[in-house]
Amino acid sequence: MLFDAMPEQIVILDFGSQYTQVIARRVRECNVYSTILPFDTPAAEIAALRPSGLILSGGPASVYSKGAPLPDRGVFGLGIPVLGICYGVQLLAHFLGGKVEKGQKREFGRGTLRVLDAQSPLFAGLPRELQVWNSHGDKLTRLPKDFVAAATTENSDYAVIVHRTKPMLGLQFHPEVAHTPRGREILANFVHGICGCGKEWTMRSFVDRAVDDVRAQVGGERVILGLSGGVDSSVAAALLHRAIGDQLTCIFVNNGLLRAREADVVREVFGRHFKIRLRYEDATDLFLRRLKGVSDPERKRKIIGRTFIEVFDAATRKVGKAKFLAQGTLYPDVIESVPIAGNPAALIKSHHNVGGLPKRMKFKLVEPLRCLFKDEVRMLGQELGLPREIVHRQPFPGPGLAVRCLGPISGHKLEILRRADAIVVEEMKAADLYYKTWQTFAVLLPVKSVGVMGDERTYDETICVRAVESQDGMTADWVKLPYELLEKIASRVVNEVKGVNRCVYDITSKPPGTIEWE
């Protein structure tokens, strides 16, 4: 269910930019549906979607290089507005008779955009000077026929170009990133002012359509959903329950790697409050037995994934005959990756949800969130009446505490980590910062150090506190928590968690680090 036939949508061709998904999310923030397609999608396939406009993303390549990703030339003749961003504007020039060359001076970071054509609908309601974010080494050196410069930056005479008579535009900077403060307004002007889109994409309209789609797909058959307690599976459960009621059975597997009281919260919210049919499987001993002595994070992931499928498979047989399996798959999980050399969005580590189902599990898939981004899932959860603690809970990795307990795992180490993590969350909530932060958690390091407690020498564990700000998890900055809060967290951890004598704070951003430690 990707809503390909939406009456209004913007198609985005992905040329390998790390910001392509950000562009799509910015369009949806304008209450207009967006679809990401590979850069080489045939023009006829794009036309079949009847889009209101087309955006060409940035990318790591040079348009003049051998093997550069190029679109079907027919996309420029679809008769719809086209906006090129960074590499996308260079494509416009390359295809339509302009020239792109390696710049003598690269433009990376902040720049000042000076608007030459204040009458352009692209700049409606905006000042003549704007702060923008650049990330490019190539530059336009000759405009295509019938294009004019609408704005400049310090290093580019053609920072914004527009066609004299057709709705074709190009931006050398990135309007989609937060470092271009008025960038959302520029994109909104393109989507509404130039493409003529309304504001029909809302979660309220999505619920009605999704419920109808689920009922049409499932009919009178039964559906099984693996419920983790995370935002995605929780919202999927609530949506499916609204659509098909008791035809839905949720299975919750306790793998022993959960946060404090997590199993109790899931059983209370979904079993007793929402009255959803819920089967609870406690497989703690099995998971910990198979993880014993394993230090490598990729091996941990694989063991957890295989064991989960085994336990879940057995639980489905206990539930009885069901034709469908529901998953909380999101849009970023189904967007086709673009294999372009130099692509900064390359694989960093294996994703714990990727790999598919065993062939022996003869289910048809129901994926009601398949066309949504994470922020939209949260809005949907609110629309469905889920409590704030579920809808706005921070992301939690599929392998759970296994990738926050560095080195070999044991029940004892997990209990130390669980108690320390609970203190971090409690204090963040007390400071009214938990729901304002992307992720906040504790990590148990494979490091022991000497300490002094009660005039006695100790040689105990080290807890690291991690708090990051992010919009989508692709990039993140560490949070400058108040010293008083850090002091309170550290004091509570070393005093209340037996076996810990040192607490440190991680001040690494992403990149170069990742949000999780493993």
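What counts, and at which threshold
- Residues numbered from 1 in each chain as written.
- Predicted model: local features only at pLDDT ≥ 70, side-chain atom pairs only at ≥ 80, totals over all residues.
- Heavy atoms only, no water.
- Helix = DSSP H or I, 4+ residues; strand = E, 2+ residues; numbered from the N terminus.
- Rg over C-alpha atoms; globule rule 2.2 N^0.38 Å.
- Contact = heavy atoms within 4.5 Å.
- Areas by Shrake-Rupley, 256 points an atom, 1.4 Å probe, with all protein chains shown as cover.
- Lys, Arg positive; Asp, Glu negative; His and termini not counted.
- Charge placed at Lys NZ, Arg CZ, Asp CG, Glu CD.
- Phe/Tyr/Trp six-rings, centres within 6.5 Å; stacked < 30°, edge-to-face > 60°.
- Buried < 20%, exposed > 50% of the residue type's maximum accessible area, 1.4 Å probe, protein only.
- Core = buried A, V, L, I, M, F, W, Y, C linked by side-chain atoms within 4.5 Å.
- Pairing = 2+ DSSP bridges.
- Axes fitted to C-alpha atoms, helices over the stretch in contact; angles between N-to-C directions.
- Expected span 1.5 Å × (residues − 1).
- Polar contact = N/O pair within 3.5 Å; in protein donor to acceptor, adjacent residues only side chain to side chain.

## Things to note about the overall build of the protein
Tallying secondary structure elements over the protein gives 14 helices and 18 strands in all. For the protein, the C-alpha radius of gyration of 25 Å lies close to 24 Å, the compact-globule estimate for 518 residues. When its C-alpha atoms are laid out on the principal axes, the protein stretches across 75 × 65 × 40 Å. Of the contacts made within the protein by residues no fewer than 6 positions apart, 76% connect residues no fewer than 24 positions apart. For the protein, the exposed surface amounts to about 23,400 Å²; the carbon and sulfur share of it is 50%. Between the centroid of the 70 positive side chains of the protein and the centroid of its 59 negative side chains there is a distance of 3 Å.

## Digging into the packing of aromatic side chains
All told, the structure shown has 10 aromatic pairs when counted by the stated rule. An angle of 55° between the planes, with centres 4.8 Å apart, marks the rings of Tyr33 and Trp201 as tilted. Of this pair, Tyr33 sits in strand β2 (residues 33-38) while Trp201 is found in the loop between α4 (183-194) and α5 (203-218), placing the two residues 168 residues apart along the sequence. A single burial state applies to Tyr33 and to Trp201, both of which are buried. Here Phe252 and Tyr280 contribute two aromatic rings whose centre-to-centre distance is 5.9 Å and whose plane-to-plane angle is 15°, an arrangement assigned as stacked. You can see Phe252 sitting in strand β11 (residues 248-254) and its partner Tyr280 sitting in strand β12 (residues 277-282), a full 28 residues away along the chain. The class of Phe252 is buried, set by a relative accessible area of 0%.

## Description of unusual backbone geometry
Pro511 follows Lys510 through a cis peptide bond whose omega is -15°. Mapped onto the secondary structure, Pro511 falls in the segment after β18 (500-505). For the peptide bond that leads from Pro511 to Pro512, omega is 15°, which places it in the cis range. Positive phi, normally seen in glycine, also occurs at Arg261, with a value near 65°. Within the secondary structure layout, Arg261 lies in the loop between β11 and α7 (262-273). Accessibility expressed as a relative area gives 57% for Arg261, which makes it exposed.

## A word on the nonpolar core
With 45 residues, the main nonpolar core has Phe206, Phe270, Leu369, Leu372 and Leu380 as its most contacted residues. Elements that contribute at least two residues to this core include exactly α5, β10 (223-226), α6 (231-244), β11, α7, β13 (324-326), α11 (374-383) and α12 (388-391). With nine residues, α6 is the largest single contributor of residues to this core. If sequence neighbours within four positions are ignored, Phe270 has contacts with Leu227, Ser234, Ala237, Lys275, Ile276, Leu386 and Ile390. In terms of nonpolar packing, the next biggest core, distinct from the first, is built from 44 residues, Ile251, Ala315, Leu325 and Val500 among them.

## Quick notes on the sheet that holds β12
The strand order β12-β11-β10-β13-β14 describes an open sheet built from five strands, whose pairing is parallel. The open sheet is flanked by β12 and β14 (364-366), the only strands paired with a single partner. On average, each strand axis in the sheet is inclined to that of its neighbour by 30°, with strand direction left out of account. As paired strands, β10 and β13 are joined by three bridges and run parallel to one another. Across the sheet, residue Ile224 finds its bridge partner in β13, namely Leu325. Strands in contact with α7 are β11 and β12; relative to β12, the strand with the most contacts, it is inclined by about 165°.

## Focus: α6
Here α6 spans 20 Å end to end across 14 residues, near enough to the 20 Å set by a 1.5 Å rise per residue. For α6, every residue scored as buried is listed here: Val231, Asp232, Ser233, Ser234, Val235, Ala236, Ala237, Ala238, Leu239, Leu240, Ala243 and Ile244. Just past α6, the residue Gly245 takes up positive phi, approximately 55°.

## Things to note about the side chain of Ser156
Checked against the element boundaries, Ser156 lands in strand β8 (residues 156-163). Classification of Ser156 as buried rests on a relative accessible area of 3%. From its side chain, Ser156 meets the backbone nitrogen of Ala159 in a polar contact 3.3 Å long.

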